[in-house]
Amino acid sequence: EYTGDVNVLIQPHGYGCLKYKDGTVFYFQWCNGMPITSSRRPQRRQQRQGEQQQQAEQCYDLGDVGAPQDMIIHSNTQEAVQSVGQLHVHDFAFVRRADGRYTYAIIADKPVENGSDVSIRFVVDKRGSTKIIKMKQWEKCIRLVKDESKGLCV
């Protein structure tokens, strides 16, 4: 759920935050629906065997190269396409770049939602660079984030 400033097209524009169902909140500076900066999140804690231990976890910012253990890699095309198709604007995923690495990105919009050219536009770095991926490329070019709570932090 987004809360904050919007432009005339009702896209996030200015200062605002995204709150996920699990309670995770990200604060961004937005420009025409695309995040351009993020704010610091408090470090998370994990409880093990009754003891409270502070643990520095890997977290990602836009454009960071993803670790394979943080990605969901589907075993078949149908499963991959179905999972990617359930993503929404402002969801995060890892996107395959020209060099073959997967980087952390956010969905800006879905420019084509019907027909054979269904596609998703991702913001792939802090500069606001975008990449459009058509459905026929989803299996090999998009990997879901295994743990959404490892999202943006600076």
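First, a word on what this report is: a plain description of the structure on this page. (Residues numbered from 1 in each chain as written. Predicted model: local features only at pLDDT ≥ 70, side-chain atom pairs only at ≥ 80, totals over all residues. Heavy atoms only, no water.)

## Some details on the overall build of the chain
Okay, step 1: When helices and strands are counted, the chain shows two helices and 12 strands.
Okay, step 2: Traced from its N-terminal end to its C-terminal end, the chain shows the element sequence β-β-β-β-β-β-β-α-β-β-β-β-α-β.
Okay, step 3: Counting over 154 residues, the chain shows a buried share of 37%.
Okay, step 4: Taking the intrachain contacts of the chain between residues at least 6 apart in sequence as the baseline, contacts between residues at least 24 apart amount to 45%.
Okay, step 5: Approximately 9,200 Å² of the chain is accessible, and the part contributed by carbon and sulfur atoms is 47%. (Helix = DSSP H or I, 4+ residues; strand = E, 2+ residues; numbered from the N terminus. Buried < 20%, exposed > 50% of the residue type's maximum accessible area, 1.4 Å probe, protein only. Contact = heavy atoms within 4.5 Å. Areas by Shrake-Rupley, 256 points an atom, 1.4 Å probe, with all protein chains shown as cover.)

## Topic: the packing of aromatic side chains
Okay, step 1: What the rule picks out here adds up to four aromatic pairs.
Okay, step 2: The interplanar angle of 25 degrees and the centroid separation of 5.5 Å between the aromatic rings of tyrosine 60 and tyrosine 104 together place this pair among those described as stacked. Of this pair, tyrosine 60 sits in the loop between β6 (51–54) and β7 (71–72) while tyrosine 104 sits in strand β9 (residues 102–112), and the two are 44 residues apart along the sequence. Each member of the pair tyrosine 60 and tyrosine 104 is classed as buried.
Okay, step 3: Considering the side-chain rings of phenylalanine 92 and tyrosine 104, the 5.0 Å spacing of their centres and the 5 degrees angle between planes classify their relative orientation as stacked. Here phenylalanine 92 is found in strand β8 (residues 92–96), whereas its partner tyrosine 104 is found in strand β9, with 12 residues between them in sequence.
Okay, step 4: Taking relative accessible area as the criterion, phenylalanine 92 reaches 2% and is therefore assigned buried.
Okay, step 5: On the basis of relative accessible area, tyrosine 104 is assigned to the buried category, the value being 0%.
Okay, step 6: Connected via pairs of aromatic rings, a cluster forms that spans Tyr60, Phe92, Phe94 and Tyr104. (Phe/Tyr/Trp six-rings, centres within 6.5 Å; stacked < 30°, edge-to-face > 60°.)

## Section: the pattern of salt bridges
Okay, step 1: Applying the stated criterion across every chain yields a total of five salt bridges.
Okay, step 2: One salt bridge in this structure joins arginine 101 and aspartate 99, with 2.8 Å as the shortest N-O distance.
Okay, step 3: Judged by its relative accessible area of 45%, arginine 101 falls in the partly exposed class.
Okay, step 4: Its salt-bridge partner being aspartate 109, residue arginine 121 comes within 2.8 Å of it at the nearest N-O pair. One end of the pair, arginine 121, is in strand β10 (residues 119–123); the other, aspartate 109, is in strand β9, and 12 residues separate them in sequence.
Okay, step 5: Under the relative-accessibility criterion, arginine 121 is labelled partly exposed at 21%.
Okay, step 6: By relative accessible area, aspartate 109 is classed as partly exposed at 26%. (Salt bridge = Lys/Arg side-chain N within 4 Å of Asp/Glu carboxyl O.)

## Considering the sheet that holds β8
Okay, step 1: Taken in spatial order, the six strands make up an open sheet running β7-β12-β8-β9-β10-β11, and their pairing is antiparallel. The open sheet terminates on both sides in strands that have one partner only, identified here as β7 and β11 (130–134).
Okay, step 2: With three bridges connecting them, β8 and strand β12 (residues 142–145) associate as antiparallel partners. Residue pairing across strands places valine 95 opposite isoleucine 142, the latter belonging to β12. (Pairing = 2+ DSSP bridges.)

## What about the environment of isoleucine 10?
Okay, step 1: By secondary structure assignment, the location of isoleucine 10 is in the loop between β1 (2–6) and β2 (12–19).
Okay, step 2: When its relative accessible area of 67% is taken as the criterion, isoleucine 10 is described as exposed.
Okay, step 3: Between the C-alpha atom of isoleucine 10 and that of asparagine 32, which follows or precedes it by 22 residues, the distance is 8.8 Å.

## Looking at the pairing of β1
Okay, step 1: In the sheet, β1 pairs with β2 via four bridges, with the strands oriented antiparallel. Within β2, the residue paired with tyrosine 2 across the bridge is leucine 18.
Okay, step 2: Hairpin geometry of β1 and β2 is characterised by an intervening segment of five residues between the two adjacent antiparallel strands and by a positive phi of about 60 degrees at isoleucine 10.

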